[in-house]
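In case you want the letters, here they are:
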Amino acid sequence: MDLNDEGRLRNVFWADARSRAACKEFGDVVTFDTTYLLNKHHMPFAPFVGVNHHGQSILLGCGLISREDTKSFSWLFETWRTCMGCAPNAIITDQCMAMKNAIENVFPDTRHRWCIWHIMKKLPEKLNGYEAHEKISCSMRKAVYDSLTIEQFEDAWDGFIKKYELQSNTWLEGMYLERKRWVPAYVKDVFWAGMSSTQRSEGMNAYFDGYVHAKTTLKQFVEQYENALGDKVESEHEEDAKSWRSYIPLITDCELEKQFQSAYTNKKFKEFHKEFIGKLGCSFEEKKEGEFEIREWVSYGEEKKKKQVPFTVTFDNEKEETSDIVAIALQTNSDINHQSTKTNKIRETKTI
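Residues numbered from 1 in each chain as written. Predicted model: local features only at pLDDT ≥ 70, side-chain atom pairs only at ≥ 80, totals over all residues. Heavy atoms only, no water.

Visitor: Can you break down the overall build of the chain residue by residue, with the values?
Guide: Across its full length, the chain carries 15 helices and 11 strands. For the chain, buried positions account for 44% of its 352 residues. Residue pairs at least 24 apart in sequence account for 59% of intrachain contacts in the chain once pairs closer than 6 positions are excluded. Within the structure as shown, the chain displays about 19,300 Å² of accessible surface, and the carbon and sulfur contribution to it stands at 49%. (Helix = DSSP H or I, 4+ residues; strand = E, 2+ residues; numbered from the N terminus. Buried < 20%, exposed > 50% of the residue type's maximum accessible area, 1.4 Å probe, protein only. Contact = heavy atoms within 4.5 Å. Areas by Shrake-Rupley, 256 points an atom, 1.4 Å probe, with all protein chains shown as cover.)

Here it is, written out as structure tokens:
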């Protein structure tokens, strides 16, 4: 607990043994959000949320803070780090400048990403003043979501800014200056556990509905916290049991698929299957030594029409490294792979 000079409660942090144990396995990427509720003392509820080997949201501690300023966030982050024994490798938040400053102060080596969903949600509000706002919004979305490399993003962004004469738009200018915090092409070099927004935190908040509310006292909060998390534990037990008792059938005789079937939980193997099936539809042609053209069938539009999209991929045989383009194409697989290896044969991992 954090007390002021008069001995009055200012901030509170709470984490049980289960959260601390879970953090050792799944605490390398966390989302942090304070928009859930205020208690009767107007203290925002601030959960730290991660994702486990079943793709479920897990609580890694939470706080009640008196103010959403840099000092309060710094205290909370320092307390979380002390409790867990380390800082996260990556953290996802909204665009709160106080959070940004606190993360830079307390977690200087942690990669900080802004929630892309909240940013793109602002497009109608920020662009409605332009006659061509729908076309501008579409061009920006293409620049953000369809650019596989930094160069592609820079060209696409510069293109629509000049085309629609948006050089004086201060919001777009600010977003561009902070592009390394939210544009996918700039953050794909870091493992994010499949997350790009704070919706994990918002989803975790739903688990507290019916347990805590604005009039819940601190004493009641601790008790109800345990009850709410009990449901979470039960859900994880059920998924563990499913992964022990059943297997998702193989679709090929490929040894790679068999290896993943034995190592992954059912949830993660389903994700792998989706990527694996997609690769069966790819064709490739070696253009020259170490350079390949990969063609993949993708769906587009509301009618889900199909088109074949070409990608140029280079491979360094000595370093066994691929180009950046293929790295983003395989991002989902690498996320799954990392999630699997962190649990040391997930099917043998015991529920915390």
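Having seen the structure, we can now continue with the description.
Visitor: Break down a nonpolar patch on the surface for me, citing the residues and quoting the values.
Guide: On the surface, a nonpolar cluster with roughly 290 Å² of combined accessible area is contributed by Ile-251, Ile-277 and Leu-280. Along the chain, the position of Ile-277 falls in helix H13 (residues 266–280). We classify Ile-277 as partly exposed; its relative accessible area is 46%. (Patch = residues over 30% accessible without salt bridge, like charges linked within 9 Å, V, L, I, M, F, W, Y side chains within 5 Å. Salt bridge = Lys/Arg side-chain N within 4 Å of Asp/Glu carboxyl O.)

Visitor: Explain the pattern of salt bridges to me, using residue names and the numbers behind them.
Guide: Per the stated rule, a full pass over the model turns up 12 salt bridges. Between Asp-189 and Arg-111 there is a salt bridge whose closest N-O contact spans 3.3 Å. With Asp-189 in the loop between helix H9 (184–187) and helix H10 (199–206) and Arg-111 in strand S7 (residues 111–114), this pair connects stretches of sequence that are 78 residues apart. Look at Asp-189 and you get exposed, because its relative accessible area is 59%. Lys-126 serves as the salt-bridge partner of Glu-125, at 4.0 Å between the closest nitrogen and oxygen. The class of Lys-126 is partly exposed, set by a relative accessible area of 31%. Here the salt bridges do not stand alone but share partners, grouping Lys-100, Glu-104, Glu-178 and Arg-181 into one network.

Visitor: Please give an account of the packing of aromatic side chains that cites residues and values.
Guide: This structure, assessed with the given rule, holds 19 aromatic pairs. Here a set of aromatic residues connected by ring pairs shows up, and it is made of Phe-13, Phe-32, Phe-48, Phe-73, Phe-77, Trp-80 and Phe-107. Against the face of Trp-192 rests Arg-113, its NZ or CZ located 5.0 Å from the ring centre. Above the ring of Tyr-176, the side-chain terminus of Arg-179 is found at 4.0 Å from the ring centroid. (Phe/Tyr/Trp six-rings, centres within 6.5 Å; stacked < 30°, edge-to-face > 60°. Lys NZ or Arg CZ within 6 Å of the ring centre and 35° of its normal.)

Visitor: Outline unusual backbone geometry, listing residues and values.
Guide: Phi angles above zero are rare outside glycine, and Glu-165 is one such case at about 55°. With respect to the helices and strands, the residue Glu-165 is situated in the loop between helix H7 (150–163) and helix H8 (170–177). The phi angle at Ala-193 is positive, at roughly 55°, despite the residue not being glycine. On the secondary structure map, Ala-193 appears in the loop between H9 and H10.

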